[in-house]
Amino acid sequence: SGAISVTEDVTGSNNAITNTISGATTITGTITLLSDNNTVTNTSSGAGDKTFSVNLPAANGNTISNAFTGTGVQTSNLTVTGTGSKVDYGLTSSGPSVANVTLSNVIGAATAAAKVRVNQTGGGATSLSLVVDGGAFTMGSSLSGGAGILINQTSADAIMDIATTPGANGYTISLSQ
């Protein structure tokens, strides 16, 4: 119990980083990936407020998964700003949640079409802020195989704020609210 804070800067490649936290009154995790081909899994449960922030300033081929259960405000931040960054991102949140996703020049992990999946199933105030600047890269022009951006919000109070600039090869967004 109590407040837990985790800060990780990852410089080596091909790592599996797993953070599983439960029972804390508050959780704050900040993970910065400075290298390629890493898998980051953040899981938190319990009654406290939870925040995980993952930053990729210049990393490629990374897979990021944030999964929240329990109560308390659940916040997930993903910022990808590297040129041609490859990413596969998934967020699952079952409580009131805030998702902030900023993508720039993103392509898929391991040269596949990029995947961004946000599944907010909690009731109450649920919000998503999504900013996509496609640049010279693609996130997939169809939703086959999960490529592109798939957003699901089930709360009657859900809010989406989306700003997109298509990539050179385009991408597809599926919104369900």
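Please refer to the structure placed before this passage.
Chemist: Is there a simple way to think about the overall build of the chain in this case?
Modeler: Along the backbone of the chain there are zero helices and 15 strands. Here the chain, with 177 residues, has 44% of them falling under the buried criterion. In the chain, once contacts between residues fewer than 6 apart in sequence are set aside, the share between residues at least 24 apart is 57%. Surface summary for the chain: the accessible area is close to 7,200 Å², and the carbon and sulfur share equals 51%.

Chemist: Just to check I follow, could you spell out the side chain of Ser-155 for this structure?
Modeler: Relative to the elements of secondary structure, Ser-155 occurs in the loop between strand E13 (148-153) and strand E14 (159-165). For Ser-155, a relative accessible area of 8% translates into the label buried. One polar contact links the side chain of Ser-155 to the main-chain amide nitrogen of Asp-157, over a distance of 3.0 Å. With residues up to four places along the chain from it excluded, the contact list for Ser-155 reads Gly-122, Gly-123, Gly-124 and Thr-126.

Chemist: Mind showing me how you'd approach the nonpolar core here?
Modeler: In globular proteins that are soluble, nonpolar side chains generally tend to be buried together. Among the nonpolar cores identified, the biggest contains 30 residues, and Leu-33, Leu-56, Ile-64, Leu-78, Tyr-89, Val-101 and Val-118 are the most heavily contacted of them. The residues touching Val-101, leaving out its near neighbours within four places in the chain, are Leu-78, Tyr-89, Val-116, Leu-128, Ser-129, Leu-130 and Val-131.

Chemist: Looking at this structure, I do not really get the side chain of Gln-74. What am I missing?
Modeler: Structurally, the position occupied by Gln-74 is in strand E7 (residues 74-80). Overall, Gln-74 belongs to the buried group, its relative accessible area being 0%. The residues touching Gln-74, leaving out its near neighbours within four places in the chain, are Lys-50, Phe-68, Thr-69, Ser-93, Ser-94, Gly-95, Pro-96, Ser-97 and Val-98.

Chemist: Any chance you could explain the pairing of strand E12 (residues 127-133) here in plain terms?
Modeler: Consecutive residues of a regular strand have side chains that alternate between opposite faces of the sheet. The side-chain alternation of E12 yields one buried face, formed by Leu-128, Leu-130 and Val-132, and one unburied face, formed by Ser-127, Ser-129, Val-131 and Asp-133. Judged from the seven bridges that link them, E12 and E14 form a sheet pairing that is parallel. Note that in E14 the partner of Ser-127 across the bridge is Ile-159.

Chemist: I keep staring at the environment of Ser-127 and nothing clicks. Help me out?
Modeler: Along the chain, the position of Ser-127 falls in strand E12. Separated by 29 residues in sequence, Ser-127 and Val-98 have C-alpha atoms that sit 4.9 Å apart. Setting aside chain neighbours within four positions, we find Ser-127 in contact with Ser-97, Val-98, Ala-99, Gln-120, Gln-153 and Ile-159.

Rules used in this analysis
- Residues numbered from 1 in each chain as written.
- Predicted model: local features only at pLDDT ≥ 70, side-chain atom pairs only at ≥ 80, totals over all residues.
- Heavy atoms only, no water.
- Helix = DSSP H or I, 4+ residues; strand = E, 2+ residues; numbered from the N terminus.
- Buried < 20%, exposed > 50% of the residue type's maximum accessible area, 1.4 Å probe, protein only.
- Contact = heavy atoms within 4.5 Å.
- Areas by Shrake-Rupley, 256 points an atom, 1.4 Å probe, with all protein chains shown as cover.
- Polar contact = N/O pair within 3.5 Å; in protein donor to acceptor, adjacent residues only side chain to side chain.
- Core = buried A, V, L, I, M, F, W, Y, C linked by side-chain atoms within 4.5 Å.
- Pairing = 2+ DSSP bridges.

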